[in-house]
Amino acid sequence: MRQNLLAKLRRGEPLFSGILGYDETVIPQIQNAILSRHDMLFLGLRGQGKTRMLRMLTQFLDDALPVVAGSEINDDPFHPISKYARDQVLSRGDDCPIDWIGREERYHEKLATPDVTIADLIGEVDLIKHAEGKHLASEDVMHYGLIPRSNRGIFCMNELPDLSPKIQVGLFNVLEERDVQIRGFPIRLNLDLQMVFSANPADYTNRGRIVTPLKDRIGSVVQTHYPLTRELGIEITEANAWRDRDGDIAVQVPQYMKEIVEETARLARTSGHVNQASGVSVRMSIANYECMLSNAERRGVAHGASVVVPRVSDLAFLAASSRGKLELNMTEETGEEDRLIGRLVEEAVKNIFDLHCKPGQFRNVVEYFDAGNSLEVGDSMSAAQCLANMAGIREFPKQIENLAGQLAPDILSGPAADELRLSTAEFILEGLHCHNRINKHRKTGGAVFQL
């Protein structure tokens, strides 16, 4: 792995393709760990790409390796360590049969659960082999676990704190001396493998912890993190969300709607109502983005549209895709989760509105509602109907056009122009509501704005 990494660095090849935002922080830690021949623990909150990066470590293995044919632990023909392979090499010499195994076959992964045993990981005496006539004192009677079977490759243990402490103790020898001992047999298998682990922070609820001596034996602890900027978060969401739908309706998303979805997750990560030890998964932004697209798509079907643009009213349905992606503090009341999500969305709209506009720009809109008028928006009305109702607000159509041209000129020049105009109008109205300039009465599938 070390030599292959050095070769990739010399050639300037990209590492961890598809992993965004870690180029200057996490990836250098991984490179240093590999160059140091360290075992690694990836420590970070939910949805930060730990498992994906662990599975991508196979790119640093050789394309294929020769092994003694029939060996359970990928024995090197020149340095066999199991009794089976030693006997094969001793009895057959240069005629010993050889197999070639690829890099994917040399990666094994295990999810740590409380019922995992030493037999699963290290090995056990196989009583079936004993029943077949092999003596209990013979090494041939052993069944090897996942770790010996990962010899000359990578073994990954996900969610390490969930592993029973007494089983964690069983990994001490593997990490430090690189050998395993099974059921007191006087043998030592000197393994050549990389051990990697993933974990949430040790203080995450009461799910368990990594015992200190085990942590001490892990060479490098690689700390992952949330996206550092809103723009990076949007890029990650777009790379992972299901955007290219298989239906007949095209969904075009303006930048400000992407910003609102990402800002909602960013606000949750700083909210005092959310358990920050548990964290807010990056999957929240991905699921919310997909839910927003789906509601716009559903509305397009209802109105027979061929192209739609998400609106702020679509965000009313984000509670379903946000549940489970965050965990409230213990002091929060039952049912508070949905109300908190609604408040986070409103605060996100306000922040993004302030990024692009000022409430004072739209005094004419406030005056319209001051005069006792009201305005309804939502799924039940087409874009043409809503825009026609807004035409009575002095200078508002022109303001909508200007802001839409500023925020999404590419959509404004296409077939979704009216959809964008209405989306921009809802963005303005919601921003004014968040600044307490106008009131909003929520209703199923939409809202009524009034004084």
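Residues numbered from 1 in each chain as written. Predicted model: local features only at pLDDT ≥ 70, side-chain atom pairs only at ≥ 80, totals over all residues. Heavy atoms only, no water.

Caption draft 1: Local environment of the overall build of the chain. Scanning the chain from N- to C-terminus turns up 20 helices and 16 strands. Taking 22 Å as the expected radius of gyration for a compact globule of 451 residues, we find that the chain reaches 29 Å, considerably beyond that expectation. With the C-alpha coordinates of the chain rotated into their principal frame, the extents come out at 95 × 45 × 40 Å. Across the 451 residues in the chain, those meeting the buried criterion constitute 52%. (Helix = DSSP H or I, 4+ residues; strand = E, 2+ residues; numbered from the N terminus. Rg over C-alpha atoms; globule rule 2.2 N^0.38 Å. Buried < 20%, exposed > 50% of the residue type's maximum accessible area, 1.4 Å probe, protein only.)

Caption draft 2: Up close: the state of the cysteines. Enumeration according to the criterion identifies 0 disulfides in this entry. Between Cys 357, a free cysteine, and Cys 434, which holds the nearest cysteine sulfur, the sulfur-to-sulfur gap is 12 Å. Taking the relative accessible area as the measure of exposure, Cys 357 reaches 5% and is therefore buried. (Disulfide = S-S within 2.5 Å.)

Caption draft 3: Quick peek at the environment of Val 116. Locating Val 116 in the fold gives a position in the loop between β4 (107–111) and α5 (118–121). Using a relative accessible area of 5% as the deciding quantity, one classes Val 116 as buried. Dropping the residues within four chain positions of it, Val 116 is found in contact with Lys 110, Leu 111, Leu 121, Leu 163 and Ile 167. (Contact = heavy atoms within 4.5 Å.)

Caption draft 4: Region of interest: the side chain of Ser 71. Residue position: Ser 71 is located in the loop between β2 (64–68) and α4 (83–92). We classify Ser 71 as buried; its relative accessible area is 14%. Within polar-contact distance, the side chain of Ser 71 engages the side chain of Asp 75 at 2.7 Å. The contacts of Ser 71, once residues within four sequence positions are left out, are Ser 82 and Tyr 84. (Polar contact = N/O pair within 3.5 Å; in protein donor to acceptor, adjacent residues only side chain to side chain.)

Caption draft 5: Inspection of the nonpolar core at higher detail. Core analysis: the largest hydrophobic core is formed by 71 residues, its most contacted members being Leu 315, Met 390, Phe 396, Phe 427 and Leu 429. Contacts of Phe 427, omitting those with residues within four sequence positions, involve Tyr 256, Ile 260, Val 312, Val 349, Ile 352, Phe 353, His 356, Leu 403 and Leu 407. Ranked by size, the runner-up nonpolar core spans 32 residues in total, among them Met 142, Phe 155, Leu 191 and Leu 193. (Core = buried A, V, L, I, M, F, W, Y, C linked by side-chain atoms within 4.5 Å.)

Caption draft 6: Examining the sheet that holds strand β10 (residues 194–199) more closely. Pairing is parallel in the open sheet, where 5 strands are placed in the order β4-β7-β10-β1-β11. In this open sheet, the two edge strands, each paired with only one partner strand, are β4 and β11 (220–223). For this sheet, the mean inter-axis angle between neighbouring strands, taken without regard to orientation, is 20 degrees. Judged from the 5 bridges that link them, β4 and strand β7 (residues 154–158) form a sheet pairing that is parallel. Bridge pairing in β7 places Leu 111 opposite Asn 158. Strand contacts of helix α2 (residues 26–35): β1 (40–43) and β11, with the helix running at about 165 degrees to β11, the strand carrying the most contacts. (Pairing = 2+ DSSP bridges. Axes fitted to C-alpha atoms, helices over the stretch in contact; angles between N-to-C directions.)

Caption draft 7: Structural detail: the pairing of strand β15 (residues 439–443). As paired strands, β15 and strand β16 (residues 446–450) are joined by 5 bridges and run antiparallel to one another. Looking at the pairing, His 441 lines up with Val 448 of β16. Hairpin connection, β15 to β16: the antiparallel pair is bridged by 2 residues, and Gly 445 has positive phi, about 75 degrees.

Caption draft 8: Up close: helix α12 (residues 255–268). When the terminal C-alpha atoms of α12 are compared, their 20 Å separation across 14 residues agrees well with the 20 Å that a helix rising 1.5 Å per residue should span. Buried within α12 we find Tyr 256, Met 257, Lys 258, Glu 259, Ile 260, Val 261, Glu 262, Glu 263, Thr 264, Ala 265, Leu 267 and Ala 268. Of the surrounding elements, those touching the buried residues of α12 are α11 (230–240), α13 (283–303), α15 (336–356), α18 (396–407) and α20 (417–434). (Expected span 1.5 Å × (residues − 1).)

Caption draft 9: A look at the packing of helix α1 (residues 2–11) against α2. Taken N-terminus to C-terminus, the directions of α1 and α2 make an angle of 135 degrees; their axes are 8 Å apart at the nearest point. Relative to α2, α1 is oriented oblique. The two elements α1 and α2 meet at a crossing, and its hand is left-handed. Across the interface between the two elements, Arg 2, Leu 5, Leu 6 and Leu 9 from α1 touch Gln 31, Ile 34 and Leu 35 from α2. Within the contact of α1 with α2, the residues separate by chemical class into 5 nonpolar, 1 polar and 1 charged. (Parallel < 35°, antiparallel > 145°, perpendicular 65-115°, else oblique. Left-handed = near helix turned anticlockwise from the far one by under 90°. Nonpolar A, V, L, I, M, F, W, Y, C, P; charged D, E, K, R; others polar.)

Caption draft 10: Expanded view of the sheet that holds β16. Pairing in this open sheet of 3 strands is antiparallel, and the strands run β14-β16-β15 from one edge to the other. Looking at strand neighbours, the two that pair on one side only are β14 (375–378) and β15, the edges of this open sheet. Pairs of neighbouring strands in the sheet enclose a mean axial angle of 20 degrees, with direction left out of account.

Caption draft 11: Here's a closer look at the confidence of the model for the chain. On average, the chain scores 89 in pLDDT, and the residues at 70 or more come to 94%. Here helix α6 (residues 127–131) is the element of the chain with the lowest mean pLDDT, 64, and α2 is the one with the highest, 97. (pLDDT = per-residue confidence, 0-100.)

Caption draft 12: Focus on the packing of aromatic side chains. Evaluated as defined, the whole model comprises 5 aromatic pairs. Both rings, one in Phe 353 and one in Phe 427, keep their centres 5.9 Å apart while their planes meet at 70 degrees; by these two values the pair is edge-to-face. Within this pair, whereas Phe 353 is found in helix α15, its partner Phe 427 is found in helix α20, the two being separated by 74 residues in sequence. Under the relative-accessibility criterion, Phe 427 is labelled buried at 0%. The rings of Tyr 256, Phe 353, Phe 362 and Phe 427 are connected pair by pair, giving a single aromatic cluster. Over the aromatic face of Phe 172 sits the side chain of Arg 217, whose NZ or CZ is 4.5 Å from the ring centroid. (Phe/Tyr/Trp six-rings, centres within 6.5 Å; stacked < 30°, edge-to-face > 60°. Lys NZ or Arg CZ within 6 Å of the ring centre and 35° of its normal.)

Caption draft 13: Geometry of the pattern of salt bridges. The full count for this structure, using the stated rule, is 27 salt bridges. With its nearest N and O atoms 2.6 Å apart, the salt bridge here joins Asp 314 to Arg 299. Placement of the pair is Asp 314 in the loop between β13 (307–308) and α14 (318–322) and Arg 299 in helix α13, with a sequence separation of 15 residues. On the basis of relative accessibility, which here comes to 0%, the residue Asp 314 falls in the buried class. A salt bridge links Arg 421 to Asp 418, with the nearest nitrogen and oxygen atoms 2.6 Å apart. Here the residue Arg 421 and the residue Asp 418 both occupy positions in helix α20, the gap between them amounting to 3 residues, near one helical turn. What emerges from the salt-bridge pattern is a single network uniting Arg 298, Arg 299, Arg 311, Asp 314, Asp 379, Glu 419 and Glu 426. (Salt bridge = Lys/Arg side-chain N within 4 Å of Asp/Glu carboxyl O.)

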